[in-house]
Amino acid sequence: MTTDTMDITDRKLLNIVQSNFPVMEEPYKAIAGDLGVEEDEVLARLAELKRQNVVRQISAIFDTRRLGYKTTLVAFAYGEGDLHDGAIYINRHPGVSHNYAREGSYYNLWFTLAVPPDGDLEATVKWMAEKTGAIEYRIMPTIRFFKIGVNFDMVKRRSDAYNYNPDAGQPNGASNGQSRVPASDWNQAQEITEWDKDVIREAQEDLPLVSRPFDPIAERLGLTTQGLFDQLAVYQERKLMRRYSAVLYHRRSGFRANAMIVWKVPPERSEEVGMIMAENSAVTHCYERPTFPDWEYSHFTMVHAPSREECEEIGRDIARATGINDNLLLYSTREYKKTRVRYFVEDYERFWDTAEEAEAMAEALV
């Protein structure tokens, strides 16, 4: 399936499930009503969109740090011929959710890593680098958070990312007068009980394509379906859960160009520039990260577009708006992994022994 073969109903359906999935007893029937079709058609269309790897998953999206997990962006530098094998090995770690080969800098593999509350990020990264023969690596945790709000308008065929503020738990932009989220707030782990872990384990799994998909989840937890909805609402209020929605494979959705644009921003303008960058609807993620002697780029903006030319135009728009022109566009040349971190899983270490699964995941994204 390509964007050219999707009809307008497919496109409208994708807009609904990724932005406002209805958490109710019969969600697919509600979506069908919005589209003016039958529930069976919605289920059939979603099944095909999943089969074609356009829709990745429909589930609750949780805030990694608020659950107590430690997370960071990691950059590895590999010599010629070593990158692919290194990426496949790194894929095997369950805390690696995104893993991309990127061109445009000395560091040619970039991935996100999360470890449980009792895990050691630095030791894990060092072990990965030694095991895979990386020449050099950099650990780049978030210093300041400005935006995360992936959303693709499939009807208009453009990125339409909203400025999600994890501290407020709702869309939030610089234009409404609110400032960026203090690290002390968004980065603060919350108390998680064993009951919370049970609910999170269930809610993070892909929602089945059946008429009443939440019923079996509630039953396994010993709740009524409404009780499950109430519990999810509590998590959203506590900022543990960002939203309930579908996530798309952006390349299969028509957004084949993926650029991480990194910027040299004077420290005294850090917050001001970050907020301006976050206002751009084409920017899905915006963070400030640490700099190093060999890496002076402090601000990271993720953009997706149908072509590289459009990514470059977005970069020019940001430069004009901020007055910052010193940047690099690091294009992904291959997606090795794109998934969600699975929280509080019992078989965390098992994944190190599943090279076949890691290879299969990387092949599915080609």
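Residues numbered from 1 in each chain as written. Predicted model: local features only at pLDDT ≥ 70, side-chain atom pairs only at ≥ 80, totals over all residues. Heavy atoms only, no water.

## Re the overall build of the protein chain
For step 1, the next point in the chain: Across its full length, the protein chain holds 12 helices and 15 strands.
For step 2, the next point in the chain: Taking all 366 residues of the protein chain together, 56% fall into the buried category.
For step 3, the next point in the chain: Intrachain contacts of the protein chain at a sequence separation of at least 6 include 76% that bridge at least 24 residues.
For step 4, the next point in the chain: When the accessible surface of the protein chain is totalled, it reaches about 15600 Å², and 47% of it is carbon and sulfur. (Helix = DSSP H or I, 4+ residues; strand = E, 2+ residues; numbered from the N terminus. Buried < 20%, exposed > 50% of the residue type's maximum accessible area, 1.4 Å probe, protein only. Contact = heavy atoms within 4.5 Å. Areas by Shrake-Rupley, 256 points an atom, 1.4 Å probe, with all protein chains shown as cover.)

## A few points about the pairing of strand E14 (residues 299-305)
For step 1, the next point in the chain: Most of E14 sits out of view: seven of its seven residues are buried.
For step 2, the next point in the chain: In this structure, strand E12 (residues 257-263) lies alongside E14, joined through seven bridges in antiparallel fashion. If you follow Ile 261 over to E14, its bridge partner there is Thr 301.
For step 3, the next point in the chain: With five bridges connecting them, strand E13 (residues 283-288) and E14 associate as antiparallel partners. Bridge pairing in E14 places Val 283 opposite Val 303. (Pairing = 2+ DSSP bridges.)

## Re the packing of helix H1 (residues 8-19) against helix H2 (residues 27-35)
For step 1, the next point in the chain: Contact pair H1 / H2: the axes reach a minimum separation of 11 Å and the direction vectors enclose 130°. With respect to their mutual orientation, H1 and H2 come out oblique. Where H1 crosses over H2, the handedness of that crossing is right-handed. Residue-level inspection shows Thr 9, Lys 12, Leu 13, Ile 16 and Val 17 of H1 in contact with H2, the latter providing Ile 31, Asp 34 and Leu 35. (Axes fitted to C-alpha atoms, helices over the stretch in contact; angles between N-to-C directions. Parallel < 35°, antiparallel > 145°, perpendicular 65-115°, else oblique. Left-handed = near helix turned anticlockwise from the far one by under 90°.)

## Some words on the pattern of salt bridges
For step 1, the next point in the chain: Within this structure, the stated rule accounts for 24 salt bridges.
For step 2, the next point in the chain: The partner of Asp 63 in a salt bridge is Arg 242, and the shortest N-O contact between them spans 3.7 Å. Of this pair, Asp 63 sits in the loop between strand E1 (55-62) and strand E2 (70-77) while Arg 242 sits in strand E11 (residues 241-248), and the two are 179 residues apart along the sequence.
For step 3, the next point in the chain: Looking at Asp 63, the relative accessible area reads 3%, which means it is buried.
For step 4, the next point in the chain: Arg 144 serves as the salt-bridge partner of Glu 271, at 3.6 Å between the closest nitrogen and oxygen. In this pair, Glu 271 is assigned in helix H10 (residues 270-279) and Arg 144 in strand E6 (residues 144-148), connecting sequence segments 127 residues apart.
For step 5, the next point in the chain: Put simply, Asp 7, Asp 10, Glu 41 and Arg 45 are held in one network by salt bridges that share partners. (Salt bridge = Lys/Arg side-chain N within 4 Å of Asp/Glu carboxyl O.)

## As for H1
For step 1, the next point in the chain: For H1, spanning 12 residues, the distance from its first C-alpha to its last is 17 Å, which sits close to the expected 16 Å at 1.5 Å a residue.
For step 2, the next point in the chain: Burial analysis of H1 places nine of its 12 residues in the buried class, the great majority of the element.
For step 3, the next point in the chain: Looking only at H1, the buried set comprises Thr 9, Asp 10, Arg 11, Leu 13, Leu 14, Asn 15, Ile 16, Val 17 and Gln 18.
For step 4, the next point in the chain: The backbone nitrogen of Thr 9 lies 3.1 Å from a side-chain oxygen of the residue at the head of H1, namely Asp 7. (Expected span 1.5 Å × (residues − 1). Polar contact = N/O pair within 3.5 Å; in protein donor to acceptor, adjacent residues only side chain to side chain.)

## Let's talk about the packing of aromatic side chains
For step 1, the next point in the chain: What the rule picks out here adds up to 19 aromatic pairs.
For step 2, the next point in the chain: Aromatic side chains Tyr 69 and Phe 344 sit 5.5 Å apart centroid to centroid with 75° between the ring planes, which places their arrangement in the edge-to-face category. Here Tyr 69, found in the loop between E1 and E2, pairs with Phe 344, found in the loop between strand E15 (327-338) and helix H12 (355-364); they are 275 residues apart in sequence, far enough to count as distant.
For step 3, the next point in the chain: What makes Phe 344 buried here is its relative accessible area of 10%.
For step 4, the next point in the chain: Relative to Tyr 287, the ring of Phe 145 has its centre 5.8 Å away and its plane inclined at 75°; by these criteria the two rings are edge-to-face. Of this pair, Phe 145 sits in strand E6 while Tyr 287 is found in strand E13, placing the two residues 142 residues apart along the sequence. For the pair Phe 145 and Tyr 287, one class covers both residues: buried.
For step 5, the next point in the chain: Members of the aromatic cluster, connected to one another through ring pairs, are Tyr 106, Tyr 107, Trp 110, Trp 295, Tyr 297 and Phe 300.
For step 6, the next point in the chain: In this structure, Lys 264 is placed above the aromatic ring of Tyr 297, and the distance from its NZ or CZ to the ring centre is 5.3 Å.
For step 7, the next point in the chain: The ring of Tyr 331 carries the charged tip of Arg 308 above its face, separated from the ring centre by 4.1 Å. (Phe/Tyr/Trp six-rings, centres within 6.5 Å; stacked < 30°, edge-to-face > 60°. Lys NZ or Arg CZ within 6 Å of the ring centre and 35° of its normal.)

## Side note on the packing of H2 against helix H3 (residues 39-51)
For step 1, the next point in the chain: Two elements in contact, H2 and H3, have axes separated by 8 Å at closest approach and are oriented at 100°. One finds that H2 runs roughly perpendicular with respect to H3. Residues Tyr 28, Lys 29, Ile 31, Ala 32 and Leu 35 of H2 pack against Glu 39, Val 42, Leu 43 and Leu 46 of H3.
For step 2, the next point in the chain: Broken down by class, the residue content of the contact of H2 with H3 amounts to seven nonpolar, no polar and two charged. (Nonpolar A, V, L, I, M, F, W, Y, C, P; charged D, E, K, R; others polar.)

## Concerning the sheet that holds strand E3 (residues 96-103)
For step 1, the next point in the chain: The nine strands lie next to each other as E5-E2-E4-E3-E15-E12-E14-E13-E6, forming an open sheet whose pairing is antiparallel. Looking at strand neighbours, the two that pair on one side only are strand E5 (136-140) and E6, the edges of this open sheet. Averaged over all pairs of adjacent strands, the angle between their axes in this sheet comes to 25°, without regard to strand direction.
For step 2, the next point in the chain: Seen against the sheet, helix H4 (residues 83-91) touches E2, E3, strand E4 (109-115) and E15 and runs at an angle of roughly 60° to E15.
For step 3, the next point in the chain: Those strands touched by H10 are E6, E12, E13 and E14, and its axis lies near 10° from that of E6.

## With respect to the side chain of Glu 39
For step 1, the next point in the chain: Looking at the secondary structure, you find Glu 39 in helix H3.
For step 2, the next point in the chain: Although Glu 39 is buried, it makes no salt bridge; Lys 29 carries the closest opposite charge, 5.1 Å away.
For step 3, the next point in the chain: In this structure the side chain of Glu 39 is engaged in a polar contact, spanning 3.0 Å, whose partner is the side chain of Ser 211.
For step 4, the next point in the chain: Those residues in contact with Glu 39 that lie beyond four places of it in its chain are Tyr 28, Lys 29, Ala 32 and Ser 211. (Lys, Arg positive; Asp, Glu negative; His and termini not counted.)

Scope: geometric values only; no functional claims are made or implied.
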